[in-house]
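Architecture and fold: a report
One-letter residues, chain by chain:
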Amino acid sequence: QVQLVESGGGLVRPGGSLRLSCATSGSIYGLYRLGWYRQAPGKEREFVATITSGGDPNYAEFVKGRFTLSRDIAKHTMNLQMNNLKPEDTAVYYCYTQSGYGTALVWGQGTQVTVSS
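Residues numbered from 1 in each chain as written. Predicted model: local features only at pLDDT ≥ 70, side-chain atom pairs only at ≥ 80, totals over all residues. Heavy atoms only, no water.

Here's the deal with the pairing of strand β5 (residues 46–52)
We count it as follows: In this analysis, strands are considered paired if DSSP registers two or more bridges between them. Think of it this way: any DSSP run of H or I at least four residues long counts as a helix, any run of E at least two long counts as a strand, and we number them from the N terminus.
Direction of pairing for strand β4 (residues 33–39) relative to β5: antiparallel, over a ladder of 6 bridges. The residue of β5 that forms the bridge with W36 is A49. In this structure, the hairpin formed by β4 and β5 is closed by a connection of 6 residues, where G42 is found at a positive phi of approximately 80°. The sheet contact formed by β5 and strand β6 (residues 58–59) spans 2 bridges and is antiparallel. Directly across from A49, in β6, lies its bridge partner Y59. Counting the residues in the hairpin turn of β5 and β6 gives 5 residues, including G54, whose phi is positive at 80°.

Following this line, the structure appears as structure tokens:
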């Protein structure tokens, strides 16, 4: 089973930027879907961004215009560029992949993002 490892989290001031990366142990070419969720303390995990094979990224409303999801097939990685961060973006961010329609999602271990002055 493919393994995912996130990196790039940390502490940043409001208005700042971070770039999260998700390295996979296998090829991401042709995967049905991949992307990011996040979970804040005391809250349920929520959708952030996703991209399907051959499609354009889709974003949650609260990150549109601020976050950009990209993938590097040659390097087996996907990235989440996060700009203009807000305190409410504080959460553990998880990347995931899904090999095919209806198959189980594979999750990374998560990376902490804290936005605070």
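Additional details are given in the paragraphs that follow.
Some points on the state of the cysteines
Where two cysteines share a covalent bond between their sulfur atoms, that bond is called a disulfide. Operational definition: In what follows, a disulfide is any cysteine sulfur pair within 2.5 Å. When accessible area is computed with a 1.4 Å probe and restricted to protein chains, residues below 20% of their type maximum are described as buried, those above 50% as exposed, and intermediate ones as partly exposed.
Evaluated as defined, the whole model comprises 1 disulfide. Bridging C22 to C95, the disulfide has an S-S length of 2.0 Å. Its torsion about the S-S bond being 55°, the disulfide of C22 and C95 is classed as right-handed. One end of the pair, C22, is in strand β3 (residues 18–24); the other, C95, is in strand β9 (residues 91–98), with 73 residues separating them in the sequence. Relative accessible area serves as the criterion here: at 0%, C22 is assigned to the buried category. Classification of C95 by relative accessible area gives buried; the value is 0%.

Quick word on the environment of Q109
Note the threshold: We call two residues in contact when some of their heavy atoms are within 4.5 Å.
Among the structural elements, Q109 can be located in the loop between β10 (106–107) and β11 (111–115). With sequence-adjacent residues up to four places away left out, Q109 is seen in contact with L4, V5, E6 and Y94.

Considering the pattern of salt bridges
Test applied: Each salt bridge in this description consists of a side-chain nitrogen of Lys or Arg and a carboxyl oxygen of Asp or Glu lying within 4 Å of one another.
Following the criterion strictly, the structure yields 4 salt bridges and no others. D89 is the salt-bridge partner of R38, the closest N and O atoms lying 2.9 Å from each other. Placement of R38 in strand β4 and of D89 in the loop between β8 (77–82) and β9 is noted, with a sequence separation of 51 residues between them. Accessibility classification places R38 together with D89 in one group, the buried group. The shortest N-O distance in the salt bridge between D89 and R66 comes to 2.7 Å. Pair noted here: D89 is in the loop between β8 and β9 and R66 is in the loop between β6 and β7 (67–72), with a separation of 23 residues, a long-range link. When sorted by exposure, D89 lands in the same class as R66, which is buried. Because the salt bridges share partners, they merge into one network encompassing R38, E46, R66 and D89.

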